[in-house]
Each structure stands twice: as C-alpha cells, then as structure tokens.
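A look at the structure
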Amino acid sequence: MQKTILFSILLISTAFISESAFSQEKGRGNKGYFKIGSAASIKNWNQTPDRFKVNDLNPALSNIGFHSNLPTSGSATFSLIDVQITALDFKSFIPEIEYSVGKNMGGIIASIGGGINFGIFSNSSIYSKTQYDNFAYNLNIKVQMGFSKYNIFGEIKTRKITEAEVSTFENVKTRVAHNFDYIFSTGLHFSFLKMELLGKISAYKIGSVAIASNEFYYKIDSETVFKFTGGVTIPIGRLAIDVKYHYIKNYNDEVSLYYQSPQLGKDYMLSSHSANVELRWNF
Amino acid sequence: MEFLNIKKMILLGVVFTTIFSCGEQTIVETIKVKVDTFISSQDSTNHSELDYLNLSKTASLEERIIFRIPTNNDNEDDLAKNCLDPNNLCSIFLMPIVLLVKILTNCTDAIMTAGNLTSAILIFNTNDSSTIAAGKLNLALLSKPWWHTVDWNKAHPFSSQGKWKTPGGDIDTGVTFSTNCTALSTGSCAAGEIKFDVTNYFKTLISNPNTTHYGAVIYPNANIAKSSVYSVQSNSALSPRIIAHYTGACSALTGVQTKVFYLNERLNY
C-alpha cells in the first residue's frame, strides 16, 4: 500500500511538472541534473529470506540526488559524479556516491571510476544488522562511442560487498561474506523524436558467498545472472523523465539471490521484474 | 604400631599412585549437548531459544528434537578467518579428534582411542513428569546443515537447497542407533529419562577423525502423547548431555571426573 501511494504521488507530480514545463524547451542545461525518483517491484520472487516478508524487500524506494553530465563534444578531460540517497522507509537510508574521470577522444569517451554505497539504518529498522546492512565499493571502466542518432557503450565493473551480520540467535552471530562480483554491461542509447531510448544487458558474475557462525556454515557458489534493462528518457524543457524497466534472468535460486546480491539501491535485484522512474532537472 | 605404619605406607602408596602415576581407570564425563531445538509439523516458529523441547506424535501433529554436538573451535576470530572467506574450505562440521578428547574426557593429552571408550550415553530428561516408553523413539543423524530457524520443511533459509527433501528432516541412513532406552551399554532409564547408546558412533568418530557431523534428530516411531523435555536453554543439570565412560592412562587425573559443558562455554583448543 505504502509502495503504491509513493509511486502514485511521484507519477502524478511528474505529470504535473512536465505539463507546465513543455513551454520551457529552450535553455535546457547540460552541466548535470538534480533528480528525484522511485523504484518498485513489478513481480516479486516467490520466496523471502528469513526475518523478512515479501513487502519488506520490495519497498517503494524513494531517492534524491544529482549527477554531472558527460560532455557531448570536444576532447577535454572531464569528471563525473553521481550522488544518490535512497530511502527504504523513514528509518533506513542508502547513500550511493560514484565518481569517475575520463576523456573524449574523437567520439570515443572513456572513463574510469569508482563508487561506494552503505546502509544508514536506525536500530529499529528491519534492515539493521541484516545482510542489507553492508558497505560496498566498486571500480569501473566505461567506454562509449557516439554516432549521429545513437551511441553504444560497454562497462566492466567489479564490486565488493563487505562482510555483514545476518542475525543473532542464542548469542551466536551468523555473518555473510562475499567474493568480488564482476559486472559486464553493454547497451545502446538511441535518439528517437526528442526521446532517448535505452537498451542494456548486464551479466552479473556474482562471486561465491559464505554464510557462517560458530554453529553453521553454508556456501553459495558463484553464478552468472543476467539483467535486461529497457528505458526511455523524455526531455521536457529543463526537465526530463527517465523510466527504466529491469528483468532478471538465469538465476539458480531466487532465495540465494537475497544473500548473493543484497543491494537495495541502484543495483536492486531483489525481484524478477522491477521498474524505476526518475524526474530530472537539468542545470 | 607396626600395623599403623603399614596402613600409612599403603595410604601413601595410594596417594602417590593417584597423583603421579594415574594408571588405567574408568572415568565418567558429562557434557551438555550444545545446540538444540524442536520442529513441529504444524508450526514453523523458531523454537531454538526456548527452555524446553517437545516430542509428540498423533494423527495430526508430530514434534521432533533436533540437536548437534559441537564440532568446532569456539573462537570467533578463527572462525571468521577460516569460514567467512568464500575461498576457504570450512571445517566447521568436521569432528576433530582434539575436540572428541575435550568432549569425552578430562584429559589434556590425546589419549582418545576407540578402545578406551567403554560407553557413551546421550541423555534427555522430561520436565513435565512424563515418561516415554522404551523403544518408542528413534535417533538418526541428519544429512545436511541446519540453522537456528530450522522447521519441519526447511533446514535453513539461505537457499532453496535449504529445504528438507523429506519434511521433518533428511536422515543419513549410513549410521543407525538403537531406540530409546534399549541396548544401553551402561545403566538403564529412570522415570523421565530418554537415553540412547551412542558408543559405537563415537568410536567411529574417534577412528575416523574429521568425520562430518551435521547433527541428529529424535523422532517418535509410534504415536506418543506430548512430552516436554529440558533444553540446553533451561540451564539445568538435566539439560541434554552425553555421559561418557572411558579408561586410559591420563597423568592429570586423580579419580572419577565430571565435566559439564554449557551452551556459552568457549570450547577453545
């Protein structure tokens, strides 16, 4: 219910702002944008991990942040920063910061960067002291090649989710540890009318995971999961609406995924079908 | 006078022998079973922190006890190093001989041989004055690891592989035990006692160091009324335990030894 309300408010607000912004086509900024957004599960996994109900792991994610844009021409070195804070509820927040530097080399834009995300959960948050209460960092290399109507891109990213507590029973702590994940992505941005369409495929080679306490041990082997993303960005004056749909495929075990990729922010993989919508204000 | 001197000499001899030579003798060792819970065919609630365990079987309800004997060093730092690195092999379910010495004896030396173990009895006690008739309960080893939230349908919640193939617990049929209060190598069952002879199992563990131990299940093989049993959390002298009798030369021993192992006791070695 909370999810539906939040998502509805966002969509209505987006529609209202976009209607009034159609007349402001001129003067669109290109240095970056502020954003507010939301993400929601369209189709949940059938099972949930211990301690959680289905809705706990598919919250209406609300986020706010800003992003600096890549230059569209020239050969200057650039830097890019993306900051986002996702709210899972009123007690649970996930800041994500990504920074990269790169160079435009005659139509080929190459960049290298890194990022972090971590949980800020109050003690009464249902995510506190669970596998979601983790710190993760990543390094990535991205190459983008532009053509007249479209550009193609490829990205290699390695991610490490640090050790986290799963729960404590009988004074015995159970913890989860991850090997490095490797994410290979490729895709296409295509200009159509005034919109920009996105098609992207990502292969997540998720590292093996160990779950252990003084009384228990279980290992989840490494596996490769595919994520398909389709999206559209609609510019409306200085504003833009970005909508994306994500589909997860090729997972061995939907229950294991809750422990293999416990990321509730941008790399949200806790349901088989999910969507996110973002309202951007270009500056 | 001469009689008194002889008596003193005999006494001194006994003391000297006891303190310094400590030859072959029979020792009784008691430990509490470390982790226990019960599962119910009608209820998936976590029972691991309750101070009782239930056993029952009717047409509509069955309750079983699940427990395991400690198999690992209790040092969390070591555990983190060894098991929380996904690249490592984790030995947490392997029963090392050094731990068997800790569980079954008071000796500091590795005196444990299968021949030295004369008896090992697993004991549970009811806490509601009920008595379960001899032969009504089976003891069997489990074939996969289970977590605190184990229930009738799943051993652990970390993957779909955590589901029991057979609801109520997947049994390792490679090892068998006599039913409760039958074929005991030592003693018999008093009122309220549930005893299983586990001597041969421990002899096998001693002869085959680092054998996997995932735990065991106790389940009724016929309809029985509900019995409530002391759990480890009851912190009682009647909590689940193993009483071991063994013989062997052990220089530190001075007679019959008793040791009680509690849930939170660190079992470092």
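Residues numbered from 1 in each chain as written. Chains lettered and ligands numbered in written order. Predicted model: local features only at pLDDT ≥ 70, side-chain atom pairs only at ≥ 80, totals over all residues.

What follows covers the overall build of chain B. Each helix and strand counted, chain B has four helices and 13 strands in total. Counting the 269 residues in chain B, one finds 39% classified as buried. (Helix = DSSP H or I, 4+ residues; strand = E, 2+ residues; numbered from the N terminus. Buried ≥ 20, exposed ≤ 12 C-beta atoms within 10 Å, placed from the backbone.)

With that settled, the discussion passes to the overall build of chain A. Within chain A, the secondary structure is distributed over two helices and 17 strands. Taking all 283 residues of chain A together, the buried fraction comes to 34%. Nonlocal contacts in chain A, meaning residues at least 24 apart in sequence, comprise 60% of its contacts between residues at least 6 apart. (Contact = placed C-beta atoms within 7 Å.)

Before going further, it helps to examine the pairing of strand β12 (residues 195-206) of chain A. Residues and elements named next belong to chain A. Relative to β12, strand β11 (residues 181-192) runs antiparallel, the two sharing eleven bridges. Looking at β12, one finds that Ser185 is bridged to Ser202. The antiparallel pairing of β11 with β12 creates a hairpin that spans two residues between the two strands, and Leu193 there sits at a positive phi of about 55°. One ladder, built from eleven bridges, connects β12 with strand β15 (residues 223-236); its direction is antiparallel. Bridge pairing in β15 links Ser202 to Lys227. (Pairing = 2+ DSSP bridges.)

On to the interface of chain B and chain A. Chain B puts 26 residues into the contact, and the matching count from chain A is 26 residues. With three residues, the single largest contributor to the side of chain B that touches chain A is helix α2 (residues 76-83) of chain B. Residue composition of the side of chain B that touches chain A, by class: 13 nonpolar, nine polar and four charged. (Nonpolar A, V, L, I, M, F, W, Y, C, P; charged D, E, K, R; others polar.)

A few words now on the environment of Ala40(A). All names here are of chain A. Tracing the sequence through the fold places Ala40 in strand β1 (residues 32-44). The exposure class assigned to Ala40 is partly exposed, which follows from the 19 C-beta atoms found within 10 Å. Sequence separation between Ala40 and Asn276 is 236 residues; the distance between their C-alpha atoms is 6.3 Å.

This brings us to the nonpolar core. The nonpolar side chains of soluble globular proteins are, as a tendency, buried together. One finds Ile211(A), Ile65(B) and Val198(B) to be the most contacted residues of the largest nonpolar core, which totals 84 residues. Looking at which element gives the most residues to this core, the answer is strand β6 (residues 117-125) of chain B, with five residues. Sequence-distant contacts of Ile211(A), defined by excluding residues within four places in its chain, comprise Val166(A), Thr174(A), Val176(A), Tyr218(A), Tyr259(A) and Phe158(B). Among the nonpolar cores identified, the runner-up in size contains five residues, and Ile236(A), Leu239(A), Ile241(A) and Leu279(A) belong to it. (Core = buried A, V, L, I, M, F, W, Y, C linked by C-beta atoms within 7 Å.)

All names here are of chain B. Taken residue by residue, helix α4 (residues 199-207) has Thr199, Tyr201, Phe202, Leu205 and Ile206 as its buried positions. Here the buried residues of α4 occupy an arc of 165° about the axis, which is enough to place them on one side. Each element contacted by the buried residues of α4 is listed here: β5 (94-95), α3 (97-104), β6, β9 (193-197) and β10 (211-212). (Arc of directions from axis to C-beta.)

Residue and element names in this part refer to chain A. Position of Asn151 relative to the elements: it lies in strand β8 (residues 150-161). Taking the C-beta count within 10 Å as the criterion, Asn151 has 19 such neighbours and is therefore assigned partly exposed. Taking C-alpha positions, Asn151 is 41 Å from Ser128, a pair spaced 23 residues apart along the chain. Ignoring sequence-local partners within four residues, the contact set of Asn151 consists of Gln144, Met145, Gly146 and His189.

Let's shift gears to the confidence of the model for chain A. Residues and elements named next belong to chain A. Of all residues in chain A, 86% have pLDDT values of 70 or greater, and the mean over the chain is 83. Ranking the elements of chain A by mean pLDDT puts helix α1 (residues 2-21) last with 40 and β12 first with 96. Counting interchain partners and residues more than four positions distant, the pLDDT-below-50 stretch residues 1-29 has 38 contacts. (pLDDT = per-residue confidence, 0-100.)

Attention shifts here to the sheet that holds strand β14 (residues 217-220) of chain A. All names here are of chain A. The four strands are arranged β9-β10-β13-β14 in an open sheet whose pairing can be described as antiparallel. Looking at strand neighbours, the two that pair on one side only are β9 (164-169) and β14, the edges of this open sheet. Averaged over all pairs of adjacent strands, the angle between their axes in this sheet comes to 15°, without regard to strand direction. Here β9 pairs with strand β10 (residues 172-178) via five bridges, running antiparallel. (Axes fitted to C-alpha atoms, helices over the stretch in contact; angles between N-to-C directions.)

On to unusual backbone geometry. Residue and element names in this part refer to chain A. Its identity is not glycine, yet Leu193 carries a phi of approximately 55°, on the positive side. Tracing the chain through its elements places Leu193 in the loop between β11 and β12. Positive phi values are uncommon outside glycine, yet Asn250 reaches one of about 75°. Note that Asn250 resides in the loop between β16 (239-249) and α2 (254-260).

Moving on to the confidence of the model for chain B. For chain B, the mean per-residue pLDDT works out to 80, and 74% of the residues sit at or above 70. Mean pLDDT values for the elements of chain B range from 41 in helix α1 (residues 2-21) of chain B up to 98 in strand β7 (residues 137-142) of chain B.

Below, the discussion takes up the environment of Lys195(B). All names here are of chain B. Within the secondary structure, Lys195 sits in strand β9. Residues Lys195 and Thr58, 137 residues apart in the sequence, show an inter-C-alpha distance of 22 Å. Those residues in contact with Lys195 that sit more than four places away from it in its chain are Ile121, Leu122, Ile123, Asn180, Cys181, Leu184 and Cys189.

Residue and element names in this part refer to chain A. In terms of strand pairing, β1 meets strand β2 (residues 61-68) through eight bridges, oriented antiparallel. Counterpart to Phe34 in the pairing with β2 is Phe66. For β2 and strand β3 (residues 77-89), the ladder comprises six bridges, and the chain directions are antiparallel. Residue pairing across strands places Phe66 opposite Val83, the latter belonging to β3.

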